[in-house]
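Residue-level structure breakdown
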Amino acid sequence: MGSDSAMEHEARPVRQLWVDDERGRRRMPDPVRTAAVRAVLLTSVTLILATVAFLFSVTGSWIAFPATVAAVASTVVTTWGVLDVWITRQVWRQRNGVVSEPSSAERGPRRERRKAERAAKQAGRSEQAGRAADAGALSEAA
């Protein structure tokens, strides 16, 4: 029985440690990525300042007040940095648009729909032209 379990172990397929996903999220545009990195750095500095201010306050140090003021100011700057990411993303989308590539499976039916719509429009126009010609003929006959 011991040799059977060794043979089963050898028969298992080898799994890879790292498997790349075929479809991942697209990379952020450069200005948006720059703003995001800036926001992360500002957030980390703010958290460090807040922690230091708290520890100084607990110990009763004279530098607790200036550290607290710096932490509050840093919070304001960090809020602006996070808003900058959102604004930069919206501006980039507005200027460059969203790239949309329809799938090839959808192109055929869409083409057929458009062709049918054009034919219906054309039929409506020719019908209106026929009515106008008939109306003119009736008024001339009277």
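Up top is the structure.
Remember, predicted model here, so these are calculated numbers, not experimental data.

Helix and strand content of the chain: four helices and zero strands. For the chain, the N- to C-terminal ordering of α and β elements is α-α-α-α. The 142 residues of the chain split such that 11% are buried. Within the chain, contacts between residues separated by at least 24 positions form 64% of all contacts whose residues are at least 6 apart in sequence. Total accessible area computed for the chain in this model is approximately 12,700 Å², and 61% of it derives from carbon and sulfur atoms.

To continue, consider the packing of helix α2 (residues 30-59) against helix α3 (residues 64-96). For the pair α2 and α3, the least separation of the axes is 8 Å and the interaxial angle reads 165 degrees. The orientation of α2 relative to α3 falls into the category roughly antiparallel. Once α2 is placed against α3, the crossing between them reads as left-handed. By residue class, the composition of the contact of α2 with α3 is 19 nonpolar, nine polar and three charged.

Taken together, the side chains of W80, L83, W86 and I87 define a hydrophobic patch exposed on the protein surface, amounting to about 460 Å² of accessible area. Within the element layout of this structure, W80 appears in helix α3. For W80, a relative accessible area of 56% gives the class exposed.

Bringing α2 into the picture now. Each full turn of the α-helix corresponds to 3.6 residues, which orients residues three or four apart in the same direction. For α2, built from 30 residues, the straight-helix expectation of 44 Å at 1.5 Å per residue is met to within 8% by its first-to-last C-alpha distance of 44 Å. Packing partners of the buried residues in α2 comprise α3. The first or second residue beyond α2 is G60, which carries a positive phi of 80 degrees.

Cut-offs used in this document
- Residues numbered from 1 in each chain as written.
- Predicted model: local features only at pLDDT ≥ 70, side-chain atom pairs only at ≥ 80, totals over all residues.
- Heavy atoms only, no water.
- Helix = DSSP H or I, 4+ residues; strand = E, 2+ residues; numbered from the N terminus.
- Buried < 20%, exposed > 50% of the residue type's maximum accessible area, 1.4 Å probe, protein only.
- Contact = heavy atoms within 4.5 Å.
- Areas by Shrake-Rupley, 256 points an atom, 1.4 Å probe, with all protein chains shown as cover.
- Axes fitted to C-alpha atoms, helices over the stretch in contact; angles between N-to-C directions.
- Parallel < 35°, antiparallel > 145°, perpendicular 65-115°, else oblique.
- Left-handed = near helix turned anticlockwise from the far one by under 90°.
- Nonpolar A, V, L, I, M, F, W, Y, C, P; charged D, E, K, R; others polar.
- Patch = residues over 30% accessible without salt bridge, like charges linked within 9 Å, V, L, I, M, F, W, Y side chains within 5 Å.
- Salt bridge = Lys/Arg side-chain N within 4 Å of Asp/Glu carboxyl O.
- Expected span 1.5 Å × (residues − 1).

Treat this as a map of the structure, not an account of what it does.
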